[in-house]
Amino acid sequence: MKKIFLSYLLLLLPLWANADPVRIGDLLYELSSADRTAEVAYHGGNSIFVEDKYKGDIIIPETVKYDGVTYQVTKIGESAFYGCWDVTSITLPSSIKEIGNFAFQDCQIESINLPAGLKKIGNCAFRNVNLQSIDIPSSVTEMGSAVFLDCFYDIELNITDLKAWCNISFEGTLRGIMKLFLNGKEVTHLVIPDGVKEVKACSFGEFVNIESVEIPQGVEKIGDYAFYADYELTSITIPKSVTSIGEYAFWYCEKLSSLTIPSSVKEIGGNAFWNCSGISDLVLPEGVEKIGENAFGDCGSICSLTLPNSLKKIGDLAFFASSQLASVIIPKNVEEIGYQAFNFNSLSSIVVDPANSVYDSRNNCNALIETATNTLLAGCKNTVIPNTVTAIGDGAFSNCRFTSIQLPYGIKSIGSSAFESCIYLASLSIPASVESIGTSAFYNCQSLKSIAIPEGVFLIPQGMCSDCLSLKTIILPSTITVIQENPFPDGVKDMFCYAVNPPKREYDGGYTIIPVYPDGKGDIYVPTTLHVPAAALDNYKTTELWKIFQEIVPLTEAETAITNTNADNADEEDGWCTLNGVKLNGKPTQKGIYLYNGKKVAVQ
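Every chain's residues receive numbers from 1 upward, in the order its sequence appears when written. Under the rules for a predicted model, residues below a pLDDT of 70 receive no local features and side-chain atom pairs below 80 are neither given nor counted, while totals for whole chains, interfaces and linings still include all residues. By convention in this description, side-chain values take in all heavy atoms of the structure and omit both hydrogens and water.

Q: Please explain the overall build of the protein as it appears in this structure.
A: Helix and strand assignments follow DSSP, with helices taken as H or I runs no shorter than four residues and strands as E runs no shorter than two, numbered in order from the N terminus. When its secondary structure is counted, the protein shows four helices and 48 strands. Taken along its principal axes, the extent of the C-alpha atoms in the protein is 110 × 65 × 35 Å. Classification of the 604 residues of the protein by burial places 53% in the buried group. Contacts are assigned to residue pairs that have any heavy atoms within 4.5 Å of one another. For the protein, the share of sequence-separated contacts (at least 6 apart) that also reach a separation of at least 24 residues comes to 34%. Only the protein chains shown count as cover for residues, with accessible areas throughout obtained via the Shrake-Rupley method and a probe of 1.4 Å. For the protein, the computed accessible surface area is about 26,400 Å², with 47% contributed by carbon and sulfur atoms. For the protein, the centre of its 43 positive side-chain charges and the centre of its 68 negative side-chain charges are spaced 2 Å apart. Working definition: with a 1.4 Å probe on protein chains only, accessible area under 20% of the residue-type maximum means buried, over 50% means exposed, and in between means partly exposed. The convention is simple: Lys and Arg are positive, Asp and Glu are negative, and His and the chain ends are not counted. For this purpose, a charge sits on NZ of Lys, CZ of Arg, CG of Asp or CD of Glu.

Q: Help me out: how do you make sense of the nonpolar core in this one?
A: A general trend in soluble globular proteins is that nonpolar side chains are found buried together. In terms of nonpolar packing, the biggest core is built from 113 residues, with F81 and F126 touching the most fellow members. Residues A367, A396, L425 and V434 belong to the second largest nonpolar core, which totals 57 residues. Residues enter a nonpolar core if they are buried and are Ala, Val, Leu, Ile, Met, Phe, Trp, Tyr or Cys, with the set joined through side-chain atoms within 4.5 Å.

Q: I'm lost on the state of the cysteines in this one. Help?
A: Disulfides are covalent bonds that connect the sulfur atoms of two cysteines. Any two cysteine sulfur atoms lying within 2.5 Å of each other are counted as a disulfide. For the structure shown, the criterion picks out zero disulfides. The cysteine C303 is free of any disulfide, with C299 supplying the nearest cysteine sulfur at 12 Å. Among the residues examined, C303 registers a relative accessible area of 40% and is labelled partly exposed.

Q: What am I meant to see in the packing of aromatic side chains here?
A: Each pair of aromatic rings taken from Phe, Tyr and Trp, with Trp reduced to its six-membered ring, is defined by centres within 6.5 Å and is described as stacked if the planes are under 30 degrees apart, edge-to-face if over 60, and tilted in the remaining cases. Enumeration according to the criterion identifies 27 aromatic pairs in this entry. Counted as over-ring charges are cases with an Arg CZ or a Lys NZ within 6 Å of the ring centre that also lie within 35 degrees of the ring normal. Here the basic side chain of R505 rests over the ring of Y511, its NZ or CZ set 5.8 Å away from the ring centre.

Q: Quick question: what am I supposed to make of unusual backbone geometry here?
A: Of all residues except glycine, most have a negative phi; of all peptide bonds, most are trans. Even without being glycine, N294 reaches a positive phi, approximately 60°. The backbone phi angle of Q340 is positive, close to 50°, even though this residue is not glycine. Mapped onto the fold, Q340 is located in the loop between β29 (336–337) and β30 (349–352). Given the relative accessible area of 8%, Q340 is considered buried.

Q: So what exactly am I meant to see when it comes to the sheet that holds strand β14 (residues 178–182) here?
A: Across a sheet, strands are paired by hydrogen bonds formed along the backbone, either parallel or antiparallel in direction. The rule for pairing is simple: two strands pair if DSSP sees at least two bridges between them. Strand order in this open sheet of four strands is β10-β12-β14-β15, and the pairing throughout is mixed. The two strands at the open ends of the sheet, each matched to only one other strand, are β10 (133–135) and β15 (185–186). As paired strands, strand β12 (residues 155–159) and β14 are joined by five bridges and run parallel to one another. Bridged to I155 within β14 is M178.

Q: So what exactly am I meant to see when it comes to a negative patch on the surface here?
A: Together, D154, E156, E186 and E211 make up a region of like negative charge exposed at the surface. Looking at where E186 falls in the secondary structure, it is placed in strand β15. Each patch is assembled from residues with relative accessible area greater than 30% and no salt bridge, linking like charges that lie within 9 Å and nonpolar side chains (Val, Leu, Ile, Met, Phe, Trp, Tyr) that lie within 5 Å. Salt bridges are defined by distance alone: a side-chain nitrogen of Lys or Arg within 4 Å of a carboxyl oxygen of Asp or Glu.

Q: I'm lost on the environment of N387 in this one. Help?
A: When you line up the elements, N387 lands in the loop between β33 (375–378) and β34 (391–392). Considered as a pair, N387 and N374 are 13 residues apart in the sequence and their alpha carbons are 9.9 Å apart. Other than its neighbours up to four places away in sequence, N387 contacts P408, Y409 and Q590.

Q: Got a minute to help me understand the side chain of S433 in this structure?
A: Within the secondary structure, S433 is located in the loop between β35 (413–414) and β36 (436–437). Residue class for S433 comes out buried when judged on its relative accessible area of 10%. In this structure, S433 is in contact with P408, Y409, G410, I411 and K412, ignoring residues within four places of it in sequence.

Q: In this structure, what is going on with the pattern of salt bridges? I would like to understand it.
A: A side chain of one charge can pair with a side chain of the opposite charge if their charged atoms are brought near each other. Overall, the coordinates contain seven salt bridges when judged by the stated rule. The partner of R127 in a salt bridge is D150, with the nearest N and O atoms 3.0 Å apart. Taken together, the positions of R127 in the loop between β9 (120–121) and β10 and D150 in the loop between β11 (142–143) and β12 put the pair 23 residues apart, joining distant regions of the chain. R127 gets classed as partly exposed once you look at its relative accessible area, which sits at 25%. The exposure class of D150 is partly exposed, given its relative accessible area of 40%. Here K290 and E267 are joined by a salt bridge, their closest N and O atoms 3.7 Å apart. Of this pair, K290 sits in strand β25 (residues 290–291) while E267 sits in strand β23 (residues 267–268), and the two are 23 residues apart along the sequence. A relative accessible area of 30% means that K290 is categorised as partly exposed.

Q: Teacher, can you tell me more about the sheet that holds β35 here?
A: The strand order β31-β32-β33-β34-β35-β36 describes an open sheet built from six strands, whose pairing is mixed. Lying at the two open borders of the sheet, with one neighbouring strand each, are β31 (359–360) and β36. Sheet topology places β31 next to strand β32 (residues 368–370); two bridges connect them, and they run antiparallel. Looking across to β32, one finds that D360 is bridged to I369.

Q: Where do I start with the pairing of β14 in this structure?
A: Each regular strand displays side chains that alternate between the two surfaces of the sheet. As paired strands, β14 and β15 are joined by two bridges and run antiparallel to one another. Considered in β15, the bridge of F181 is made with E186. Between the antiparallel neighbours β14 and β15 lie two residues, among them N183 with a positive phi of about 50°.

Q: Explanation requested: the confidence of the model for the protein in the structure shown.
A: In low-pLDDT segments, the atomic positions of the prediction should not be examined closely. Across the protein, pLDDT averages 90, with 91% of residues at or above 70. The quantity known as pLDDT measures the predictor's confidence residue by residue, on a range of 0 to 100. Below pLDDT 50 for its whole length, residues 1–18 participates in 19 contacts with residues either more than four positions away or in separate chains. Confidence drops under pLDDT 50 across residues 562–572; counting only partners more than four residues distant or on other chains, this segment forms 24 contacts.

Q: Can you help me understand the side chain of S440 in this one?
A: Along the chain, the position of S440 falls in the loop between β36 and β37 (450–452). Exposure remark for S440: the relative accessible area of 18% places this residue in the buried category. Those residues within four positions of S440 in sequence are excluded, and the remaining contacts are S417, E420, Q462, G463 and M464.

Q: Help me understand the environment of I192, please; the structure alone is not making it clear to me.
A: Tracing the backbone through its elements, the reader meets I192 in the loop between β16 (189–191) and β17 (198–199). Through-space distance from the C-alpha of I192 to that of V213 is 7.7 Å; in sequence the pair is 21 residues apart.

Q: What should I look at first to understand the environment of W165 in this one?
A: Here W165 lies in helix α2 (residues 162–166). The class of W165 is buried, set by a relative accessible area of 2%. Once residues within four sequence positions are removed from consideration, W165 is found in contact with I136, M143, L157, I159, F170, L174, S203, F204 and F207.

Written out as structure tokens, the structure is:
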């Protein structure tokens, strides 16, 4: 509450810094002797505690006199009627040219006349006002951000000149629920007038009655937020003169189903078509060079996608969660693909044009690999990871629908969220070559029953296996020194930790590594059996992070032994399992730590 109060104090500081306003009649004014103009001032003067708020029916005069000098009233000042709940009506004179920021915020009037000649409407000018309709004169050239934020009704915005509206400079989205009327007629099919060169930023966003848009030849740019959150928009005609589509231009136009992007478009801005869930077949024509971040994110109905050879950059999350998308072909000229550009999809096929010099899908692996770093950036349910891959990138397999996947020896790192929400993944063998694992790497892998972290890994990252509801067995290597916050879920039955020195928290934040239960005596405990080296038993039992485990027992000889370092004499056909308990057909050929007849064996 104090923060909110201070924000209002800061908001009003510019008013207090001015010379004290003067009272003329029922209103306060700030007077300018230079040009003999006056603006209606904040009702509280230079103190926010003054209770003398404006009330009743307010008629603002065109001119006022003070000390024998006549001043023309040209502006409703910043916050002038802010919070004046008892004002019943306001009449503005024809001399008003500007309405300041927050001028009528929280003033519960139901209508207001905006005079011809008005040039500017400020930020939040009518925020939280009971307006049901308002006439915007064609003289207006500037409108602020959030002008109609928190208004209670669907506001009817009445205009008389559509071209004049297209020429207004909007500082931000109007943030209201609005319906557009032109000369008294509701606009459902919007035709942008000839001669307009740009559909300006925020100019038609949040109009809930616009169902279709026709943009004429000659328009070169569709600005940021131009048709933002037009929920009823189903179709739009974009001419061949348009070269760019701005950020959030069609954000959340969830009924938009008819979309043809012309070859003249070079760039599609970030979030431009986010959650346009009616689009099913998306063809991006030759000419498009850049797709911004999240441009088609959450477009859940896209089932086919054609990318042009002209394409050079695909932004972060560009096609994130396009859940029906089954296949993608990366063209030859793509130079940059952002974070999780194709993740949380149902892809079954990923192919990179063989002529691409930056990315590849070597050995028909059904994956997107960064060639220079051998990092697998995006995989799918049919991916076979090549032996040459050395890193699994952030989010590479997030939301994939496989039950198991083979990670080859040679992989050194597994990125953040790499297998997040692979809800059917029941088993996973992490090769001994892995040195680091990223945050939330296996988050929400609900079918995963056990996990063994190989020797050499020293840090268990935050949320590594959070929400893995079936996880019962965890094996931590002797090299672990640090455990971050909330890495494991509730319900773990056994944890084997081979570290002689009890691993520590990353910082002294008081967190536990497995959810705890109250013991009924004012303390907490973890209902998991912790298996540790016998020599370290007392240390674990007296260390804060570990002593809350319900049972701490020494590792048995069979659990600690590493025999036959090269496994040369081991039975080639029987007794081999991964550390996760997955039975193997004979001696493994890849280097790593395995179980042979119940004992840990290093295969070199």
